[in-house]
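A look at the structure
Below are the chains, spelled out letter by letter.
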Amino acid sequence: MTQQITQQKGAASSTPPAPMRWLMSKIGTKLGSINTRNAKRTKAERARVKQQRPHVVEYFHHVDDGYSHLTALTLDAITKRYDIELICHLVSGAQNDNSPEPELLSKLSRTDAYAIAPHYGLTFDRHDDPVDDNLKQTALAILAHKDNLQNIELLNAVSTALWSDDKQALTNLASEYGQANTDATNAVISVGNNRQSELKHYSGAMFYYEGEWYWGVDRLYHLEKRLIDLGAVRDTADNSTALIAERPKIEHQTLAGAGNLTLEIYLSLRSPYTAVIFDTAVQLARDIGVKLVLRPVLPMVMRGVSLTRQKGMYIFSDSVREAHELGVEYGNFYDPIGEPVTRGFSLLPYAREQNKEAEFISAFLNSAFAEGINTNNDKGMRQVVERAGLDWGEAKQHLGKDGWQDELEANRQQMYQSGLWGVPSFRLLDGDGNEQLATWGQDRLWLVARKIKELC
């Protein structure tokens, strides 16, 4: 643990020069803005119409990824509802720096997909262990054979058989539709990987349409709304206007017995997704009546975890898109990486003593991610402190002091023990301290709310 903290202190001390921080923040603000996104969409649609191209959606399938299987179950409905040409690719999924915890992500894809499937009207059988490798190779060989991958019903059937551990069903499908040899299968996956890399992404369960990426069932609603705005909806027998994968609502309601539950929020002061959801999560806890415990952790990049440009760009654009849907003010960035974050963390013990911990974290995140305030100087930090209802004169006495590192490291270790590694993450505990839910992502707060209701 001592070695880990020492590494963290060394990483945290590195702060980009002021001009570089300012420039990168301005670029991030512009690239991630809704106005920029809308302008790009308009330009893309004009080009599509001029070239007389259909609405082409590309889908990237990673066979042993739980999120990909869940997404595959929606493909038939998507092609029937929307006037699109769907092109499917096989990929090997996120690699290297794009997936810092591949085993944890693989496990989470199975447990998380199982948890959310019923809420999207889908069926995902519990699958604690990774899919069988022999069955995986058979599934890949079937899908890689000739044009099998473009057969949506077959893709669904193969994926369902694989995730049901149904060897006989896969054998029957291989007999009926054929299968590629190993070299041909690897070649198809390579083509899919190369295509995804060309389009500047890295993960499975992803849709791509005219310059934007959409991850699995969780972001499908963004794609659906875009297609609807473009008039790309087929005439259907029921003329339904409901989205295929509408994001479940976050249900705020006071619940009897909720006071026996504890909601832990794992967060960092340099997390775009934490900034998007933090205030809503705190308000949810207060509305429902659960005990709220905040568990700050050091940002991943300050723990020595690399962030690729591809991943960073996607996070920027996706977090803005998610904030816009939630009606959250967001997008005017002033990156607090390095010294601003450590200065902020140094004030947390003081803020907690004043019963203003949540208010301070909220003020810091909103300043850095919504108002473009430079938290690397006393002027900016004073604004954060005073907006939290704290006294700047008192706060300055605590600014820059050590003593917070052990707490953050303990929080990180607990997060990892629960199979989580990124922020924001949530843990829901019962009255005896037993974990009832551990989930990752700002797009899981609705699941937290529903689990609380279930337990009450």
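Basis of the calculations
- Residues numbered from 1 in each chain as written.
- Predicted model: local features only at pLDDT ≥ 70, side-chain atom pairs only at ≥ 80, totals over all residues.
- Heavy atoms only, no water.
- Helix = DSSP H or I, 4+ residues; strand = E, 2+ residues; numbered from the N terminus.
- Rg over C-alpha atoms; globule rule 2.2 N^0.38 Å.
- Buried < 20%, exposed > 50% of the residue type's maximum accessible area, 1.4 Å probe, protein only.
- Contact = heavy atoms within 4.5 Å.
- Areas by Shrake-Rupley, 256 points an atom, 1.4 Å probe, with all protein chains shown as cover.
- Lys, Arg positive; Asp, Glu negative; His and termini not counted.
- Charge placed at Lys NZ, Arg CZ, Asp CG, Glu CD.
- Patch = residues over 30% accessible without salt bridge, like charges linked within 9 Å, V, L, I, M, F, W, Y side chains within 5 Å.
- Salt bridge = Lys/Arg side-chain N within 4 Å of Asp/Glu carboxyl O.
- Core = buried A, V, L, I, M, F, W, Y, C linked by side-chain atoms within 4.5 Å.
- Axes fitted to C-alpha atoms, helices over the stretch in contact; angles between N-to-C directions.
- Parallel < 35°, antiparallel > 145°, perpendicular 65-115°, else oblique.
- Nonpolar A, V, L, I, M, F, W, Y, C, P; charged D, E, K, R; others polar.
- Pairing = 2+ DSSP bridges.
- Phe/Tyr/Trp six-rings, centres within 6.5 Å; stacked < 30°, edge-to-face > 60°.
- Lys NZ or Arg CZ within 6 Å of the ring centre and 35° of its normal.
- Expected span 1.5 Å × (residues − 1).

Regarding the overall build of the protein
From N to C terminus, the protein includes 20 helices and eight strands. Rg of the C-alpha trace for the protein: 23 Å, near the compact-globule value of 23 Å for 456 residues, within the 12% margin. Along the first, second and third principal axes, the C-alpha atoms of the protein reach 75 × 55 × 45 Å. Residues counted as buried form 52% of the 456 residues belonging to the protein. In the protein, once contacts between residues fewer than 6 apart in sequence are set aside, the share between residues at least 24 apart is 77%. Roughly 20,700 Å² of accessible area belongs to the protein as shown, and the carbon and sulfur atoms make up 47% of that amount. Positive and negative side-chain charges of the protein, numbering 50 and 58 respectively, have mean locations separated by a distance of 7 Å.

Quick word on a nonpolar patch on the surface
A surface patch of nonpolar side chains, about 620 Å² in accessible area, is lined by M20, W22, L23, M24, I27, L31 and M313. The element best represented in the nonpolar patch is helix α2 (residues 18-31), accounting for six residues. Structurally, M313 is set in helix α13 (residues 309-326).

Concerning the nonpolar core
Among the nonpolar cores identified, the biggest contains 109 residues, and L70, L75, F207, F360 and M381 are the most heavily contacted of them. Looking at this core, the element that brings in the most residues is helix α12 (residues 272-288), giving nine residues. If near-sequence neighbours (up to four positions away) are discounted, F360 is found in contact with G344, L347, L348, A351, M381, V384, V385, A388 and L390.

Remarks on the packing of helix α11 (residues 216-229) against α13
At their nearest, the axes of α11 and α13 sit 12 Å apart, and the two run at 75 degrees to each other. If you check the angle between α11 and α13, you find them roughly perpendicular. Residue-level inspection shows R219, Y221, H222 and K225 of α11 in contact with α13, the latter providing Y314, D318, R321, E322 and E325. Of the residues in the contact of α11 with α13, the class split is two nonpolar, one polar and six charged.

Here we look at the sheet that holds strand β2 (residues 85-90)
Strand order in the open sheet formed by four strands is β2-β1-β3-β4, with mixed pairing between adjacent strands. One side of each edge strand has no neighbouring strand; the edge strands of this open sheet are β2 and β4 (212-215). For this sheet, the mean inter-axis angle between neighbouring strands, taken without regard to orientation, is 25 degrees. Of the pairings in the sheet, the one linking strand β1 (residues 56-61) to strand β3 (residues 206-209) comprises three bridges and is antiparallel in character. In the strand pairing of β3, Y59 is matched with F207. Along the sheet, helix α10 (residues 182-198) makes contact with β1, β2, β3 and β4, crossing β2 at roughly 115 degrees.

Thoughts on the packing of aromatic side chains
Per the stated rule, a full pass over the model turns up 13 aromatic pairs. Plain terms: the ring middles of F124 and W163 are 5.4 Å apart, the flat faces sit at 50 degrees to each other, and that makes the pair tilted. Highlighted residues: F124 in the loop between α6 (102-116) and α7 (133-144) and W163 in helix α8 (residues 152-163), separated in sequence by 39 residues. Residue classification places F124 among the buried residues on the basis of a relative accessible area of 6%. Look at W163 and you get buried, because its relative accessible area is 4%. Each residue in the set F316, Y330, F333 and F369 is aromatic and connected to the rest through ring pairs, giving one cluster. Positioned above the aromatic ring of Y416, the side-chain terminus of R412 is 5.0 Å from the ring centre.

Focus on helix α16 (residues 357-369)
Taking 1.5 Å per residue, 13 residues should reach 18 Å; α16 reaches 18 Å between its end C-alpha atoms and fits that length. The buried count for α16 comes to 12 of 13 residues, which makes it a mostly enclosed element. Where α16 is concerned, the buried positions are E357, A358, F360, I361, S362, A363, F364, L365, N366, S367, A368 and F369. The secondary structure elements touched by the buried residues of α16 are β5 (262-267), α12, β6 (291-296), α14 (339-346), α15 (348-353) and α17 (378-387).

Some remarks on the sheet that holds β5
Taken together, the four strands give an open sheet; going across it, the order is β6-β5-β7-β8, and neighbouring strands pair in mixed fashion. The open sheet has two free edges, formed respectively by β6 and β8 (435-440), since each of these has just one partner strand. Averaged over all pairs of adjacent strands, the angle between strand axes in this sheet comes to 15 degrees, irrespective of strand direction.

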